[in-house]
Amino acid sequence: MSRQAEKKGPSPSRGVIKMISRGSTDGDSNRTWKARSRKEFLEVDGSGRNEPVISFGPEDLRGVSLPHNDALVIQARVGNYDVLRVFVDNGSSINVIFKEALVQMDLHEYQLEAVEIALFGFAGHAVYPEGEITLPLTLGTGDLRKTVMTIFTVVDAPSSYNIILGRLAMNELRAVASTYHQKIKFPVCGGVGEVKGDQPSSRKCYGETVRVDQKKARREWKGKESQEEVAREREVHFVAEEEQEVVEIESGKHVWVARDIYASTRVNLLNCLKANVSVFAWSQQELAGVSPQVAEHKLNILSGSRPVKQKKRHFGPEKDKVIGEQVGELLLAGHIREVQFHTWLSNVVLIPKATGKWRMCVDLRDLNKACPKDCYPLPRIDQLVDSTSGCELLSFLNAYQGYHQIPLALEDQDKASFITSGGTFCYVVMLFGLKNAGATYQRLMNHVFQKQIGRNIEVYVDDIMIKSRKVSCFIDDLAETFTTLKQYGIKLNPAKCAFGVKIGKFLGFMVTDRGIEVNPEKIKAILNMPSPQSVQDVHKLTGRIAALSRFISRSAHRSYPFFQVLIKAQKFGWDDKCEQACQGLL
């Protein structure tokens, strides 16, 4: 086959390469560039003469969802395979084919040549290619198609794309790409061929790449200083638009207060915090817990339930070290004890936290199945949030490992046993993930704050908000709450508390003295969401819209096209009407 060949008829497809998963890379090879330059200089080709003018107009925007900022992702035929997720990147000086896609194509008739030069992408990271391979590349259909033999650099790296077409291929095709029009045009047979971009695929690839970058960033955060980690963990729980500052209420002990609070109120606030420093806990060892006479969690396992002893799950050395450290902290705090004889046995699992660290939990699925449901009602979130409207000052409190402050019934402690590489232990306090734990904690909170709930405080499990209708009542409301907490021995986490603010996040909503406002994090979730590719994606979209329905005018009417897609469950169909409705929400 010549370097540039026009075929009379398309060859039958040998298969379809749909996708590979994860991030992307780019780079350049000096040897490839020099070889290509020599060939292009020596090549005599008159096909470029008298070529038609290539232009883009309004008619090229048909079917394009506007406005958009999508990359140009197309489908092309490479080596007689129809390859999806081909990213057109005019910023890349080479063509890249990722190894996983090449392995699926099974091209034994084409030889892979060795390459010794490293590639360097935008961030300067070096990537060493597996080699180079020359493959036929075909764009277009019917008489308006074009085939060229082009060089691809093989890269063994995770990517959301199968192939990246750089300037090398675009120049060989004499093609012109427009990301705005989502189209590529190229001269062929005296006419102009074209390939349309796939916007839904482009957005999906972008979403996958962003998620991978976020996970990579979280892994890199592990090396940060402990003070920065505490600040990030606090940001996950509490977000306020106004400025706050850290104040020291005792040697080495700090809390967060509003910076723009009145001077006289600030003095009284600091005096109140210093007088009630014992209500805070800076470590697990400071948690004494509430009295069993006040609250105690019982499993009430159903009669006839057979005890389940899970087979030990093995972890790597790194995770075993994390588990050992957290078990040691729990032992030191008195939240667990070593046990030899047990009826139930569960494995531990490690859950990644938003800060990049690990949280040790227990796989309690078998134990939870044997426990009856406690139907104690939780408060209605919308009522709690609405009740904060018009309050001049707010304080957000959070219990320090609230569940661990409630004792577990003595007869049920051996049932909450778990196994690790360092031995077998059981909890003596209520643990996370245990069925009915939320109901037990809410029952405790309702009992503790029965005289304040609805008047100057709102509580949802371990989230507590003090609402002061007037600034003059602020200190009295705070002192009353501290007195109640000390009476029952409940400790607060100072890193997740904020005092005297006018705006903050409570149960997923931004509460202010003006009323309720939409949470920017939830808006971002919809803005960054790619167009749905399946019925499950439509369910996610409608769920997010429902969470923001009170902030979206005529939300039911605007969401009608999405529910039409769900009704037609036999076949997923995302048409232009659905896409326009989706863009109209942004």
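Values in this document were obtained by computation on a predicted structure and should not be read as measured data.

Attention now goes to the overall build of the protein chain. Tallying secondary structure elements over the protein chain gives 16 helices and 27 strands in all. In the protein chain, buried positions account for 47% of the 586 residues. Restricting to contacts in the protein chain with at least 6 residues of sequence separation, those with at least 24 account for 73%. Of the roughly 30,000 Å² of accessible surface on the protein chain, 52% is carried by carbon and sulfur atoms.

Along strand 12 (residues 183–188), six of the six residues are buried, which leaves the element largely enclosed by surrounding structure. The two faces of strand 12 match: Lys183, Lys185 and Pro187 on one face and Ile184, Phe186 and Val188 on the other face are all buried. Counted along the chain from strand 11 (residues 176–178) to the antiparallel partner strand 12, the turn is four residues long, and its residue glutamine 182 has a positive phi close to 50 degrees. Linking strand 12 to strand 13 (residues 191–196), which pair antiparallel, is a turn of two residues; within it cysteine 189 sits at a positive phi near 55 degrees.

The omega torsion of the bond from leucine 66 to proline 67 falls at -10 degrees, within 30 degrees of zero and hence cis. Within the secondary structure layout, proline 67 lies in the loop between helix 1 (30–42) and strand 3 (73–78). Phi is positive for arginine 85, close to 55 degrees, though the residue is something other than glycine. Its place among the elements puts arginine 85 in strand 4 (residues 81–88). The exposure class of arginine 85 is buried, given its relative accessible area of 6%. Located in the positive-phi region is arginine 174, a residue other than glycine, with phi close to 55 degrees. Within the element layout of this structure, arginine 174 appears in the loop between helix 3 (167–173) and strand 11. Relative accessible area serves as the criterion here: at 28%, arginine 174 is assigned to the partly exposed category.

Bringing the packing of helix 6 (residues 263–275) against helix 11 (residues 474–488) into the picture now. Their axes nearest at 10 Å, the elements helix 6 and helix 11 cross at an angle of 5 degrees. Accordingly, the angle class assigned to the pair helix 6 and helix 11 is roughly parallel. Across the interface between the two elements, Thr265, Asn268, Leu269, Cys272, Leu273 and Ala275 from helix 6 touch Phe474, Ile475, Leu478, Ala479, Phe482 and Lys486 from helix 11.

Below, the discussion takes up the sheet that holds strand 11. Strand order in the open sheet formed by three strands is 11-12-13, and the pairing between neighbours is antiparallel. A single partner strand is all that each edge strand has here, and the edge strands are strand 11 and strand 13. Between one strand axis and the next, the sheet turns through 20 degrees on average, direction left out of account. One ladder, built from six bridges, connects strand 12 with strand 13; its direction is antiparallel. Note that in strand 13 the partner of lysine 185 across the bridge is glutamate 194.

Attention shifts here to the sheet that holds strand 16 (residues 336–338). As summarised here, the arrangement of the five strands in space is 16-21-20-17-18, forming an open sheet in which the pairing is mixed. In the strand order of this sheet, the two ends are held by strand 16 and strand 18 (358–362), each with one partner. Within this sheet the neighbouring strands show an average axis-to-axis angle of 40 degrees, counted without direction. Here strand 16 runs beside strand 21 (residues 423–427); their pairing, made up of three bridges, is antiparallel. Residue glutamate 338 lies in a different strand from strand 21, and its bridge partner there is phenylalanine 425. Helix-sheet contacts for helix 7 (residues 317–333) involve strand 16, strand 17 (346–352), strand 18, strand 20 (417–420) and strand 21, and the interaxial angle to strand 18 is about 70 degrees.

This part is about the side chain of asparagine 493. Within the secondary structure layout, asparagine 493 lies in the loop between helix 11 and strand 24 (498–501). With a relative accessible area of 14%, asparagine 493 lands in the buried category.

Let's shift gears to the packing of aromatic side chains. Applying the stated criterion across every chain yields a total of nine aromatic pairs. With a centroid separation of 6.1 Å and an interplanar angle of 70 degrees, the aromatic rings of phenylalanine 280 and phenylalanine 482 are classed as edge-to-face. One end of the pair, phenylalanine 280, is in the loop between helix 6 and helix 7; the other, phenylalanine 482, is in helix 11, with 202 residues separating them in the sequence. Summarising the burial analysis for this pair, phenylalanine 280 and phenylalanine 482 share the class buried.

On to the nonpolar core, then. Counting residues in each nonpolar core, the largest one holds 77 residues, and the members touching the most others are Tyr427, Phe482 and Phe499. In terms of residue count, helix 11 provides more of this core than any other element does, six residues in total. Leu102, Leu135, Ala175 and Val195 belong to the second-largest nonpolar core, a separate cluster that totals 29 residues.

Here we come to empty space enclosed by the protein. By the definition in use, this model includes one cavity of 30 Å³ or more. Considering only enclosed or pocket space, the largest cavity measures out at about 30 Å³ in volume. In terms of lining residues, the largest cavity is bounded by Lys312, Arg313, Phe315, Asp320, Ile323, Asn347, Val348, Ile419, Thr420 and Ser421. Looking at the lining of the largest cavity, the elements with two or more residues in it are helix 7, strand 17 and strand 20. Of the residues in the lining of the largest cavity, the class split is four nonpolar, three polar and three charged.

Before going further, it helps to spend a moment on the pattern of salt bridges. Counted by the stated rule, this structure contains 16 salt bridges. Between lysine 99 and glutamate 130 there is a salt bridge, and its shortest N-O distance comes to 3.6 Å. You can see lysine 99 sitting in helix 2 (residues 99–105) and its partner glutamate 130 sitting in the loop between strand 7 (126–127) and strand 8 (131–141), a full 31 residues away along the chain. A relative accessible area of 37% means that glutamate 130 is categorised as partly exposed. Two residues, glutamate 480 and arginine 455, come together in a salt bridge whose shortest N-O distance is 2.7 Å. Taken together, the residues span a long stretch of sequence, with glutamate 480 in helix 11 and arginine 455 in the loop between helix 10 (437–448) and strand 22 (457–460) at a distance of 25 residues. Connected through salt bridges with shared partners, the residues Asp60, Lys183, Lys185 and Glu194 form a single ionic network.

Definitions and limits used
Residues numbered from 1 in each chain as written. Predicted model: local features only at pLDDT ≥ 70, side-chain atom pairs only at ≥ 80, totals over all residues. Heavy atoms only, no water. Helix = DSSP H or I, 4+ residues; strand = E, 2+ residues; numbered from the N terminus. Buried < 20%, exposed > 50% of the residue type's maximum accessible area, 1.4 Å probe, protein only. Contact = heavy atoms within 4.5 Å. Areas by Shrake-Rupley, 256 points an atom, 1.4 Å probe, with all protein chains shown as cover. Pairing = 2+ DSSP bridges. Axes fitted to C-alpha atoms, helices over the stretch in contact; angles between N-to-C directions. Parallel < 35°, antiparallel > 145°, perpendicular 65-115°, else oblique. Phe/Tyr/Trp six-rings, centres within 6.5 Å; stacked < 30°, edge-to-face > 60°. Core = buried A, V, L, I, M, F, W, Y, C linked by side-chain atoms within 4.5 Å. 1 Å grid on protein atoms, 1.4 Å probe; cavity = no way out; pocket = protein on both sides within 12 Å on 5 of 7 lines; lining within 4 Å. Points joined across faces, edges and corners; volume = space filled by probe spheres on them. Nonpolar A, V, L, I, M, F, W, Y, C, P; charged D, E, K, R; others polar. Salt bridge = Lys/Arg side-chain N within 4 Å of Asp/Glu carboxyl O.

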